[in-house]
Amino acid sequence: SVALLLSVDQVYDGLHRALSAAEPLIAEHPYLGAIVFVLLAAVSAVLAFFSSALLLPAAVYAWGNTITFGLLWLGWLLGGIGTYALGRGLRGPLARAPGTRQFDFYVQRVPGEVTFAFVLLLYLALPSELPGYLCGYLRVRFRTYLAALSLAELPYAVGAVVLSAGAVHRQIGLLVTFGLIGAALSLFALRTLHRRLDQLS
């Protein structure tokens, strides 16, 4: 859908003007801009309805791919740690589990001993905020969780930055290709996760 929108000259010109306006604001306050970007990326990893995707083209336009990747990855790590902490809080004496159908489905099926590979599979298959809540709630060892989180977020951060760079430079073919690859990999990971859960049940 993004590729289709960017194929329209008026849409691409509007995006380019918005990015050009955002660049001097970030350039004038580089440290504050970086801190805000990291915090917003962290929030996007905690809240399902909030996305940092709209910030990425402006960040790529102003900072380039490498810096944007590092800031995005750091923000997602902080957000993942936050969801883990919130998940642990859900097991407190006065707390209750969220009770959502998706959360309950996986809580009942995830094995008692969660390995690094299993946490990695959760992150590759599920929406980014859900594995953190699950692992915190199930008391997965923090070292195991953090190692899997750090590795799992790498390809997503790379993909997000590449897609944003493609949007900035109007590389429609790149957007379509990466979008299809990402969708296929996510579907494969989800099917692999469910097969693994079926084997354990």
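Because the structure is a prediction, the values reported are computed rather than measured.

Here we take up the overall build of the chain. Scanning the chain for helices and strands turns up 10 helices and zero strands. Element order for the chain, N to C, with α for helix and β for strand: α-α-α-α-α-α-α-α-α-α. Within the chain, the proportion of its 201 residues that are buried is 38%. The contacts in the chain between residues at least 6 apart in sequence include a share of 78% that link residues at least 24 apart.

Glancing now at helix α8 (residues 129-137). The buried fraction of α8 is high, at nine of nine residues. Within α8 the residues assigned to the buried category are E129, L130, P131, G132, Y133, L134, C135, G136 and Y137.

With that settled, the discussion passes to the confidence of the model for the chain. Fine structural detail should not be taken from predicted coordinates in areas where pLDDT scores are low. The pLDDT averaged across the chain works out to 76; a share of 70% of its residues lies at or above 70. By mean pLDDT, the top-scoring element of the chain is helix α5 (residues 65-89) (91), and the lowest-scoring one is helix α1 (residues 2-6) (39). Note that pLDDT drops below 50 for residues 1-9; the model gives that stretch 15 contacts with residues more than four away or on any other chain.

Our focus in this paragraph is the packing of helix α7 (residues 116-125) against α8. It is at 8 Å that the axes of α7 and α8 come closest, and there the two elements cross at 145°. Note that α7 runs across α8; the crossing there is right-handed. Taking contact as the criterion, the partners of V119, L122 and Y123 in α7 are, on α8, P131, G132 and C135. Classifying every residue of the contact of α7 with α8 by side-chain character gives five nonpolar, one polar and no charged.

For the rest of this paragraph, the subject is α5. With 25 residues, α5 should reach 36 Å at 1.5 Å per residue; the first-to-last C-alpha distance of 36 Å fits that figure. The complete set of buried residues in α5 reads T68, L71, L72, G75, W76, L77, G79, G80, T83, Y84 and G87.

What the rule picks out here adds up to six aromatic pairs. Measuring from centroid to centroid gives 5.7 Å for F37 and W63, while their planes differ by 80°, and the two rings are edge-to-face. Placement of F37 in helix α3 (residues 30-46) and of W63 in helix α4 (residues 56-63) is noted, with a sequence separation of 26 residues between them. Relative accessible area serves as the criterion here: at 5%, F37 is assigned to the buried category. For W63, a relative accessible area of 18% corresponds to the buried category. Their ring planes at 45° and their centres at 6.0 Å tell us that Y123 and Y145 sit as a pair that is tilted. Highlighted residues: Y123 in helix α7 and Y145 in helix α9 (residues 142-168), separated in sequence by 22 residues.

A few words on the packing of α4 against α5. Pairs of packed helices are described in terms of their axes, by the angle between the two and the distance that separates them. It is the contact of α4 with α5, at a shortest axis distance of 7 Å, that shows an interaxial angle of 135°. Judged on the interaxial angle alone, α5 and α4 are oblique. Contact residues: L56, A59, V60 and W63 in α4; N65, I67, T68, L71 and L72 in α5. Here the residues of the contact of α4 with α5 sort into seven nonpolar, two polar and no charged.

In this structure, Y106, V119, L126, Y145 and L193 are the most contacted members of the largest nonpolar core, which totals 29 residues. Those elements that provide at least two residues to this core are α5, α6 (101-107), α7, α8, α9 and α10 (172-200). With seven residues, the single largest contributor to this core is α7. Not counting the four nearest positions on each side in its chain, L126 is found in contact with Y106, P131, L134, L190 and L193. A59, L71, A157 and A165 belong to the second largest nonpolar core, which has 16 residues in total.

About the thresholds
Residues numbered from 1 in each chain as written. Predicted model: local features only at pLDDT ≥ 70, side-chain atom pairs only at ≥ 80, totals over all residues. Heavy atoms only, no water. Helix = DSSP H or I, 4+ residues; strand = E, 2+ residues; numbered from the N terminus. Buried < 20%, exposed > 50% of the residue type's maximum accessible area, 1.4 Å probe, protein only. Contact = heavy atoms within 4.5 Å. pLDDT = per-residue confidence, 0-100. Axes fitted to C-alpha atoms, helices over the stretch in contact; angles between N-to-C directions. Left-handed = near helix turned anticlockwise from the far one by under 90°. Nonpolar A, V, L, I, M, F, W, Y, C, P; charged D, E, K, R; others polar. Expected span 1.5 Å × (residues − 1). Phe/Tyr/Trp six-rings, centres within 6.5 Å; stacked < 30°, edge-to-face > 60°. Parallel < 35°, antiparallel > 145°, perpendicular 65-115°, else oblique. Core = buried A, V, L, I, M, F, W, Y, C linked by side-chain atoms within 4.5 Å.

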